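# Remarks on the overall topology
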Amino acid sequence: MHIISYKRLREFAKRHSDSLSALDNWYKVASKADWANLVEVQSAFPTAEAVSNFTVFNIKGNHYRLIVSIEYEKQLIYVKYILTHAEYDQEKWKNDPYF
């Protein structure tokens, strides 16, 4: 999988330094993956879930939520949002036009 963009992960980790190793781990696993569907994603990340057109990953024991869009045929992951659990619960991200 090609991930767009690692820069968002780095920027978030600068603000939330305790997320760095968990985000790096997610990136390493996802970038080497060849997923065809959500079931295959869940084999690597069992708590990953589909929420409308997005896939949501729990990061660092559910302290953070990584929200991505995955194009399986093109093997692309678009990082949309990285939020604290509290920010995720506010559901403002659900105003995204692709939701």
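Refer to the preceding data block for the structure.
A brief structural summary.

The rules behind the values
Residues numbered from 1 in each chain as written. Predicted model: local features only at pLDDT ≥ 70, side-chain atom pairs only at ≥ 80, totals over all residues. Heavy atoms only, no water. Helix = DSSP H or I, 4+ residues; strand = E, 2+ residues; numbered from the N terminus. Buried < 20%, exposed > 50% of the residue type's maximum accessible area, 1.4 Å probe, protein only. Contact = heavy atoms within 4.5 Å. Phe/Tyr/Trp six-rings, centres within 6.5 Å; stacked < 30°, edge-to-face > 60°. Pairing = 2+ DSSP bridges.

Bringing the side chain of S19 into the picture now. By the element assignment, S19 lies in the loop between α1 (6-15) and α2 (20-32). Its relative accessible area of 0% is what places S19 among the buried residues. Excluding anything up to four places from it in sequence, S19 contacts F12, A13, K60 and Y64.

This next bit is on the packing of aromatic side chains. Each pair of aromatic rings is reported with the distance of its centres and the angle of its planes. Applying the stated criterion to the full structure yields five aromatic pairs. Judged by centre distance (4.5 Å) and plane angle (55°), the rings of Y6 and Y27 are tilted. On the criterion of sequence distance, the pair formed by Y6 in helix α1 and Y27 in helix α2 is long-range, its members being 21 residues apart. The class for Y6 is partly exposed, based on a relative accessible area of 25%.

So, on to the pairing of strand β3 (residues 54-59). Taking burial as the measure, the six residues of β3 include five buried ones, the bulk of the element. Two elements, strand β2 (residues 49-51) and β3, share three bridges in a ladder whose sense is antiparallel. Residue pairing in the sheet places V51 in a bridge with F54 of β3. Where β2 hands over to β3, the hairpin turn is made up of two residues, of which S52 adopts a positive phi near 55°. Direction of pairing for β3 relative to strand β4 (residues 64-71): antiparallel, over a ladder of five bridges. Looking across to β4, one finds that T55 is bridged to V68. Here β3 hands over to β4 after four residues, with K60 in that stretch at a positive phi of 55°.

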